[in-house]
Amino acid sequence: MKNFLLFIFLVGFASTSFGQEQTIVKTLNRELQKEVKNQLKSPHFSGDTIEIVKPFSISTDKILSFEIKKTSPYFSGYQIIRQEVPLNKILKIGKDINIILECEDHEVLTTYNTFDVENKTEEVKGNLFFLYLSNEKQNEDLGVAIQKAFQKAGYSLEKEYWYD
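Everything quoted here is computed from the prediction, not taken from an experiment.

(A) Local environment of the overall build of the chain. Scanning the chain for helices and strands turns up 2 helices and 9 strands. Walking the chain from its N terminus toward its C terminus, one meets helices and strands in the order α-β-β-β-β-β-β-β-β-α-β. The burial tally for the chain puts 37% of its 164 residues in the buried class. Taking the contacts inside the chain whose residues are at least 6 apart along the sequence as the reference set, 55% of them involve residues at least 24 apart. Counting every atom, the chain has about 10000 Å² of accessible surface; 54% of that belongs to carbon and sulfur.

(B) Seen up close, the pairing of strand S7 (residues 120-126). Counting buried positions along S7 yields 0 of 7 residues, so the element is predominantly exposed. Note that strand S6 (residues 108-115) and S7 share 7 bridges and pair antiparallel. Pairing of Thr114 across the sheet is with Lys120, part of S7. Counted between consecutive antiparallel strands, the loop separating S6 from S7 contains 4 residues.

(C) Just the side chain of Lys70, in detail. The residue Lys70 is located in strand S2 (residues 63-72) in this model. At a separation of 3.4 Å, a polar atom in the side chain of Lys70 contacts the side chain of Asp48.

(D) The sheet that holds strand S8 (residues 128-130), seen in detail. If you walk across this open sheet you meet the 4 strands as S8-S5-S4-S9, and the pairing is mixed. Every interior strand has two partners, whereas the edge strands, S8 and strand S9 (158-162), have only one. Put simply, the sheet's adjacent strands are angled 25° from each other on average, direction ignored. Examined bridge by bridge, strand S4 (residues 90-95) and strand S5 (residues 99-103) share 5 bridges and lie antiparallel to one another. Counted as the bridge partner of Ile93 is Leu101 from S5.

Calculation criteria
Residues numbered from 1 in each chain as written. Predicted model: local features only at pLDDT ≥ 70, side-chain atom pairs only at ≥ 80, totals over all residues. Heavy atoms only, no water. Helix = DSSP H or I, 4+ residues; strand = E, 2+ residues; numbered from the N terminus. Buried < 20%, exposed > 50% of the residue type's maximum accessible area, 1.4 Å probe, protein only. Contact = heavy atoms within 4.5 Å. Areas by Shrake-Rupley, 256 points an atom, 1.4 Å probe, with all protein chains shown as cover. Pairing = 2+ DSSP bridges. Polar contact = N/O pair within 3.5 Å; in protein donor to acceptor, adjacent residues only side chain to side chain. Axes fitted to C-alpha atoms, helices over the stretch in contact; angles between N-to-C directions.

Encoded structure:
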């Protein structure tokens, strides 16, 4: 009977954690969709644009990832950028120009596939996971919401600076 109750508890905890991880994904995808929709609204816009190739997801190995297509007036062609990081390696969230998840060193894998005159692929390991969320201003409540979603899923995440 004890083992059965322990099993029920563990299954319940795992499903609660999974539900909270889905809250992380849902929040990030909602904000990324808003970013894509609003990026061209300014009549003076002349910066980078992004399209969602693969939305945010969390794998069974607890890896957060997503993929975007980026175009820019600063280079010809386009890039497909994929980022991935283990959830338990994310330490902080902050905002400068972009909302950033700061992670342990060398834990963020970013793959750049550049389609230009020369097609090339480059992989970079670092500690910054860019969410590509920069258009919305005065949105510190989003940082708090993301922090709480991570905490409810069992991951400690410190919210630091938040500059517009």
